[in-house]
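If you want the building blocks of each chain, they are given just below.
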Amino acid sequence: MQTELNKVVTALQEFYARETFLFEKDLGERTLTHRLAVYLEKQFSGWEVDCDYNRLGERRLRLPHGAIVSTDDELGKSVYPDIVVHQREIPNNLLAIEVRKTSNHQPSEHDRHKLQALTDPHLWFAYAIGVYLVLGKKSVVSDVYVGGVIDQARSVWLAGRLKDAGLA
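Reference entry: report on the structure contained in this document.

Cut-offs used in this document
Per chain, the residues get numbers from 1 upward, laid out in the order the sequence is written. Side-chain atom pairs in this predicted model are given and counted only at pLDDT of 80 or more, local residue features only at pLDDT of at least 70, and totals for whole chains, interfaces and linings cover all residues. Computation of side-chain values covers all heavy atoms of the structure but excludes hydrogens and water. In this description a helix means any DSSP run of H or I spanning at least four residues, a strand means any run of E spanning at least two, and both kinds are numbered starting from the N terminus. Buried means the residue's accessible area, taken with a 1.4 Å probe over protein chains only, is under 20% of the maximum for its type, while exposed means over 50%, and partly exposed covers the values in between. Contacts are assigned to residue pairs that have any heavy atoms within 4.5 Å of one another. Here the open area of atoms and residues is found with the Shrake-Rupley method and a 1.4 Å probe, where only the protein chains shown may cover a residue. Note on terminology: a nonpolar core comprises buried Ala, Val, Leu, Ile, Met, Phe, Trp, Tyr and Cys residues joined through side-chain atoms within 4.5 Å. For two strands to pair, DSSP has to find at least two bridges joining them. Axis definition: a line fitted to C-alpha atoms, over the contacting stretch in the case of helices. Angles run 0 to 180 degrees between N-to-C directions. Whenever Lys or Arg places a side-chain nitrogen within 4 Å of a carboxyl oxygen from Asp or Glu, that contact is recorded as a salt bridge. Only rings of Phe, Tyr and Trp enter the pairing, Trp through its six-membered ring, and a pair is recorded when the two centres are within 6.5 Å. The plane angle decides the type: under 30 degrees is stacked, over 60 is edge-to-face, the rest tilted. In these notes the angle categories are as follows: under 35 degrees is roughly parallel, over 145 is roughly antiparallel, 65 to 115 is roughly perpendicular, and the rest is oblique. Helix crossings get a hand from a simple test, with the near helix turned counterclockwise from the far one by less than a right angle marking a left-handed crossing and a clockwise turn marking a right-handed one. Gly falls in the polar group here, along with every residue not listed as nonpolar (Ala, Val, Leu, Ile, Met, Phe, Trp, Tyr, Cys, Pro) or charged (Asp, Glu, Lys, Arg). A helix is expected to span 1.5 Å for every residue after the first.

Another point: the overall build of the protein. In terms of regular secondary structure, the protein is built from 5 helices and 8 strands. In the protein, the succession of helices and strands from N to C terminus is α-α-α-β-β-β-β-β-α-β-β-β-α. Residue burial in the protein is summarised as follows: out of 168 residues, 45% are buried. Across the protein, the fraction of contacts at a sequence separation of at least 24, relative to all contacts at a separation of at least 6, is 62%. For the protein, the exposed surface amounts to about 8600 Å²; the carbon and sulfur share of it is 49%.

Time to look at the nonpolar core. Ranked by internal contacts, the top residues of the largest apolar core, which has 32 residues, are L12, F15, L36, L40, L95 and L135. With 11 residues, the next largest nonpolar core counts Y53, L115, L118 and L123 among its residues.

The strand order across the open sheet built from 6 strands is β1-β4-β5-β6-β7-β8, with neighbouring strands paired in mixed fashion. Each end of this open sheet is capped by a strand with a single partner; those strands are β1 (48-51) and β8 (149-150). This element, helix α1 (residues 2-18), spans β5 (92-101), β6 (129-135) and β7 (140-146) of the sheet and lies at about 25° to β6. Strand contacts of helix α4 (residues 109-118): β5, β6, β7 and β8, with the helix running at about 175° to β5, the strand carrying the most contacts.

Turning our eyes to something else, we now look at the side chain of S142. Relative to the helices and strands, S142 is located in strand β7. Note on S142: relative accessible area 11%, which makes it buried.

For the structure on display, the rule yields 9 salt bridges. Through salt bridges that share partners, E14, R18 and K42 make up one connected network.

Attention now goes to the packing of aromatic side chains. Evaluation of the coordinates by the stated rule reveals 4 aromatic pairs. Considering the side-chain rings of Y16 and F23, the 5.0 Å spacing of their centres and the 15° angle between planes classify their relative orientation as stacked. Both residues of the pair, Y16 and F23, count as buried. Of the aromatic side chains, those joined through ring pairs into one cluster are F15, Y16, F23 and Y39.

Let us look at the side chain of K101. Positionally, K101 belongs in strand β5. The exposure class assigned to K101 is buried, which follows from its relative accessible area of 11%.

Turning next to the packing of α1 against helix α3 (residues 29-43). In the contact formed by α1 and α3, the axes pass within 8 Å of each other and the chain directions differ by 125°. Classified by the interaxial angle, the pair formed by α1 and α3 is oblique. For the pair α1 and α3, the crossing hand works out as right-handed. Across the interface between the two elements, K7, V8, T10, A11, L12, E14, F15 and R18 from α1 touch L32, R35, L36, Y39, L40, K42 and Q43 from α3. Taken together, the residues of the contact of α1 with α3 break down into 8 nonpolar, 2 polar and 5 charged.

For the rest of this paragraph, the subject is α3. In this model, α3 (15 residues) spans 21 Å end to end at C-alpha, consistent with the 21 Å of a helix rising 1.5 Å per residue. Considered for burial, the residues of α3 that qualify are L32, T33, L36, A37, Y39 and L40. Packing partners of the buried residues in α3 comprise α1, α2 (20-24), β1, β4 (83-87), β5 and β6.

The residue D26 is not glycine, and still its phi comes out positive at about 55°. If you trace the backbone, D26 turns up in the loop between α2 and α3. One non-glycine residue with positive phi stands out, namely D52, at about 50°. Following the sequence through the fold, D52 ends up in the loop between β1 and β2 (55-56).

In structure tokens form, the structure reads like this:
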């Protein structure tokens, strides 16, 4: 998993080096998400990188009834992860990323619950890794989810890598 997380760090480095305009003009999270996905795509050769992807093969992405996140809308407030790294047809789900700006003052629970659910190994569509990113003008705060929970050791490791990359 460190290989995949290193790719995320490399994409973030390029994103921050080339997209300062987005932060200077305080553009929205969806714009940041799309541009970050462009840099992730360069890192994950052989994988598709999509934003707000709501399918698993031919099926819609839905959590079981009673899950902590609603799945009954098409407005982007549901379980559509901000960015996924996957193979569309199989489905083979590697990485789900939720992105927030530091200026977003809405509670983060919805994004965190999505990552818990999307990485839950008891669900047939589980992503191997979930990454929660809070993007500031010059820094990134992150958490790593594996197996439906925050993986403290990998979160600390990723924070160290971001610091080494000048993004903490």
